[in-house]
Amino acid sequence: MAERRDDPTLYWISPEMRGIIPLDTFHVPQRLARTVRSGTFIVTTDQAFPQVMQECAASRPGREQSWINSEILRLYCALAASNHAHSVECWRDGKLAGGLYGVMLGGAFFGESMFSNTRDASKVALVALVERLKAGGFTLLDTQFITPHLATFGAMEIPRAEYLLLLEDAIRRQAIWLP
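Residues numbered from 1 in each chain as written. Predicted model: local features only at pLDDT ≥ 70, side-chain atom pairs only at ≥ 80, totals over all residues. Heavy atoms only, no water.

Novice: What am I meant to see in the pairing of strand β3 (residues 85-92) here?
Specialist: Walk down a regular strand and you will see the side chains alternate between the two sheet faces. Here β3 lies mainly inside the structure; 7 of its 8 residues are buried. Both β3 and strand β4 (residues 95-105) contribute to a ladder of 8 bridges, which runs antiparallel. In the sheet register, E89 faces β4, and the bridge partner there is G99. Count of turn residues in the β3/β4 antiparallel hairpin: 2 residues, of which D93 carries a positive phi of about 55°. (Buried < 20%, exposed > 50% of the residue type's maximum accessible area, 1.4 Å probe, protein only. Helix = DSSP H or I, 4+ residues; strand = E, 2+ residues; numbered from the N terminus. Pairing = 2+ DSSP bridges.)

If you want it as structure tokens, here you go:
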């Protein structure tokens, strides 16, 4: 992470309590399930990775700063080019309405950031991500921290020691990011 968008320094973070979304108990609220089924959004993967990252880093009301700086953007785009980082995009009327990105390692996916320019777009992207992870044999969806938004999907915090055991198991697994 970077302290702020214009800070060139990067640092590692390892919270005492780690946020995860258990894939087997992922919860989709009823209203959101209707939105997913409605086809309001066209969902793609890996079609606009740099743009998703730039949107995640953009200033928004109530969040003028971002931990995504130019070095993180450069490094994650290199990971995407080598098939280790991926994005899920939601499009509406031909425009990028929301999305998310993250990094995969074995059967673990580390969700890094998400954004929404249209109501429910990031939520639809998360539902699509979880479907893809389940189908590809992933066992861990790491969110680092919990937000009220993620809690509605069943996200939970676990102690670092428990997280490290789940991580060790997940990275030993063979999972596939399906095309």
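Novice: I keep staring at the environment of S122 and nothing clicks. Help me out?
Specialist: Relative to the helices and strands, S122 resides in helix α4 (residues 121-136). The class for S122 is buried, based on a relative accessible area of 8%. Each C-alpha atom, one on S122 and one on G99, is 5.1 Å from the other, the two residues being 23 residues apart in sequence. Beyond its immediate stretch of four places on either side in the chain, S122 contacts G98, G99, M114, F115, S116 and H149. (Contact = heavy atoms within 4.5 Å.)

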